[in-house]
Amino acid sequence: MSTPDELPGREDAPIVARVADGDAEALRLLYERYGTLVYSFAFKITSDAGLAEEAAQDVFVALWRRAGSYDPRRAKLSTWLLTVTRNRAIELVRQRQRRPEAHADIELEGQAPDPAALVGDADVAQRLAEAMAELPDEQLEVLRLAYFGGLSQSEIASVIGIPLGTVKGRMRLALDRLRSIVDTYDLSPELR
């Protein structure tokens, strides 16, 4: 059995504990220590400076939010950070691949969207956002990662660190609950 001094990540564990307690200075120290590593790894995956910066920022936001779940007995902090970086960078690349390229310089005559339709769409989007806000956080997180992040259920399980069956259960509960909430917000039938 390892002694406490031989545990991986032992030098970072006290700083991460400070981050978990809301110490922004501790987060800054970890950013100074690992920021370049995280950015470089994200850039290697994305080949895009903007995406790499976004991934690095998201990784440290995740550290800020989930520092309490870090267990130095399981892995070094650098390993944890690089795992989160890999997942986030891949997610950002997939999001970019799914987005169609904007051709702002092309405007077809008579093809302008109907302003009334735009207002209606915005209203439906607002109602849907309100309905989603009523979901429990863990169900909302799974839906966000699946539908807005484009992750598979297996990838979600890996990112969040929960069993695949739990992801499937949360997804089912969220969709069932969302279906019951939708009626309250009077969304159009095509969105149900």
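Heads up: these notes are all about the structure in this document. (Residues numbered from 1 in each chain as written. Predicted model: local features only at pLDDT ≥ 70, side-chain atom pairs only at ≥ 80, totals over all residues. Heavy atoms only, no water.)

## Looking at the packing of helix α1 (residues 13-20) against helix α2 (residues 24-46)
Running from amino to carboxyl end, α1 crosses α2 at an angle of 135 degrees, the nearest separation of the two axes being 7 Å. Taken together, α1 and α2 sit at an angle that is classed as oblique. Our pair here, α1 against α2, has a crossing hand that is left-handed. Seen from α1, the contacting residues are I15, V16, R18 and V19; seen from α2, they are E25, A26, L27, L29, L30 and R33. Looking at side-chain class alone, the contact of α1 with α2 contains 7 nonpolar, no polar and 3 charged residues. (Axes fitted to C-alpha atoms, helices over the stretch in contact; angles between N-to-C directions. Helix = DSSP H or I, 4+ residues; strand = E, 2+ residues; numbered from the N terminus. Parallel < 35°, antiparallel > 145°, perpendicular 65-115°, else oblique. Left-handed = near helix turned anticlockwise from the far one by under 90°. Contact = heavy atoms within 4.5 Å. Nonpolar A, V, L, I, M, F, W, Y, C, P; charged D, E, K, R; others polar.)

## Some points on the pattern of salt bridges
If you walk through the whole model with that rule in mind, you get 11 salt bridges. A salt bridge links D12 to R33; the shortest N-O distance between them is 2.2 Å. With D12 in the segment before α1 and R33 in helix α2, the pair connects residues that are 21 residues apart, well separated along the chain. Judged by relative accessible area, D12 falls into the buried class, the value being 1%. (Salt bridge = Lys/Arg side-chain N within 4 Å of Asp/Glu carboxyl O. Buried < 20%, exposed > 50% of the residue type's maximum accessible area, 1.4 Å probe, protein only.)

Keep in mind these numbers describe shape, not what the thing actually does.
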